Amino acid sequence: MKQTILSILDLTSEEISTIIRNAIRLKDERKRGIPHRHLEGKTLGMIFEKSSTRTRISFEVGMYELGGSAVYLNPKDMQLDRGEAVQDTARVLSRYLSSVMIRAHTHTSIQAFSAASSIPVINGLSDKEHPCQILADLMTLQERFGTLSGIRVAWIGDGNNVCNSLILSTIRTGMKVSVSVPPGYEPDAECVHRAEEDGYVTFHATPEEAVAGADAIYTDTWISMGDEDERAERMVAFESYRLDEPLLKLASKDAIALHCLPAHRGSEITDAVIDGPQSAVWDQAENRLHAQKALLIALFGLEEKIR
């Protein structure tokens, strides 16, 4: 059965719990050298309209370790760059591949591809959401706190695609998200509305108010891909939204610092925090691999192989 993961809400609460549980198990098996080649014969196509480090490497290595293969697809090397319709490309790739992951400029292009595809499609990043990143984040929080329900995460900085998916994840997990962003950089209104109805999100005038008592503080780059022309004004707008040691001290005693990378050290986060004892950034980055392996297994309905 075809499944698409364009939003974190495309997964149920139970499915998210299963993916996290399986990801933790796959992580343990990898450390112990236990092979888990559960996707032999499967091929993942990876379309990258935007550059990538963690997304490309984690999916490519993940498919290899699961016994499958991954094909890197640059739109500039495909007929997409010469005007072929997204829908036509989707129909053709559906005849060749087992699944497709797309890292795209616009969410609508992934939706159009998915609508025409007959195989599973994964949103590897769009301008609206980043569900794969959030699965790794949820795994990291689960490892650190043993639960997601009731955990409070403070988001500081730009209300971007990662922020949108984090806010939506409260609907499925029982987490609470407190947000502080500069005026004009708010997260997507539709995502906020859905979370206000069925999840938990609050907004705060200052970063200090948002992080007070939080279990985790999450930040991201102030200048995402595509925002380079706004660099000067963004640097001014976000100046007081830096995750530094004084801000971290306002959170709970055992709070962790999160950043989905790449980090611009000294801008949105300081060296002392990202390299400090409360940083979970490197576990968070590693968990992209394990969470995506568990997601791929779930998309192919092969969870029983790791039970």
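Rules used in this analysis
Residues numbered from 1 in each chain as written. Predicted model: local features only at pLDDT ≥ 70, side-chain atom pairs only at ≥ 80, totals over all residues. Heavy atoms only, no water. Helix = DSSP H or I, 4+ residues; strand = E, 2+ residues; numbered from the N terminus. Buried < 20%, exposed > 50% of the residue type's maximum accessible area, 1.4 Å probe, protein only. Pairing = 2+ DSSP bridges. Axes fitted to C-alpha atoms, helices over the stretch in contact; angles between N-to-C directions. Contact = heavy atoms within 4.5 Å. Arc of directions from axis to C-beta. Right-handed = clockwise from strand over helix to strand, strands pointing away. Polar contact = N/O pair within 3.5 Å; in protein donor to acceptor, adjacent residues only side chain to side chain. Salt bridge = Lys/Arg side-chain N within 4 Å of Asp/Glu carboxyl O.

**Student:** Please clarify how the side chain of His290 should be interpreted in this entry.
**Tutor:** The residue His290 is located in helix H12 (residues 281-299) in this model. The class for His290 is buried, based on a relative accessible area of 1%.

**Student:** How do you make sense of the sheet that holds strand S6 (residues 152-156) when you look at a structure like this?
**Tutor:** Pairing between sheet strands relies on hydrogen bonds along the backbone, with the strands arranged either parallel or antiparallel. Strand order in this open sheet of five strands is S8-S7-S6-S9-S10, and the pairing throughout is parallel. Each end of this open sheet is capped by a strand with a single partner; those strands are strand S8 (201-203) and strand S10 (256-259). Direction aside, the axes of adjacent strands within the sheet are offset by 25° on average. The sheet strands contacting helix H5 (residues 131-145) are S6, strand S9 (216-219) and S10, and the helix crosses S10 at an angle near 165°.

**Student:** For this particular structure, what's the right way to read helix H3 (residues 86-96)?
**Tutor:** In an α-helix, one turn spans 3.6 residues, which is why side chains three or four residues apart end up on the same side. The complete set of buried residues in H3 reads Thr89, Ala90, Leu93 and Ser94. Projected down its long axis, H3 carries its buried residues within an arc of 135°, all on one side. Tucked into the core, H3 has its buried residues touching strand S2 (43-48), strand S3 (69-73) and helix H4 (107-116).

**Student:** Sorry, what's going on with the pairing of strand S5 (residues 121-125) here?
**Tutor:** Walk down a regular strand and you will see the side chains alternate between the two sheet faces. Within S5, five of the five residues are buried, leaving the element largely enclosed by the surrounding structure. In this sheet, S5 lies alongside strand S1 (residues 4-5) in parallel orientation, the contact comprising two bridges. Paired with Ile5 across the bridge in S5 is Ile122. Note that strand S4 (residues 99-103) and S5 share four bridges and pair parallel. Bridging from a neighbouring strand, Ile102 pairs with Asn123 of S5. With H4 bridging S4 and its parallel neighbour S5, the resulting β-α-β unit is right-handed.

**Student:** Mind showing me how you'd approach the side chain of Thr173 here?
**Tutor:** Here Thr173 is to be found in helix H6 (residues 161-173). Within the structure, the side chain of Thr173 is placed 3.2 Å from the backbone nitrogen of Met175, a separation counted as a polar contact.

**Student:** I tried to follow the pattern of salt bridges on my own but got confused; where do I start?
**Tutor:** Pairing is possible between side chains that carry opposite charge, provided their charged atoms lie close to one another. Scanning all chains against the criterion turns up 16 salt bridges. For the salt bridge of Arg25 with Glu29, the shortest nitrogen-to-oxygen distance reads 3.4 Å. Of this pair, Arg25 and Glu29 both sit in helix H1 (residues 13-31), four residues apart, roughly one helical turn. Relative accessible area serves as the criterion here: at 9%, Glu29 is assigned to the buried category. Close ionic contact of Asp88 with Arg91 constitutes a salt bridge, the shortest N to O distance being 3.3 Å. Of the two residues, Asp88 and Arg91 both sit in helix H3, three residues apart, roughly one turn of that helix. Looking at Asp88, the relative accessible area reads 36%, which means it is partly exposed. Taking the relative accessible area as the measure of exposure, Arg91 reaches 47% and is therefore partly exposed. Counted as one network, the salt bridges with shared partners bring together Asp158, Asp227, Glu230 and Arg234.

Nothing here speaks to function; it is geometry throughout.
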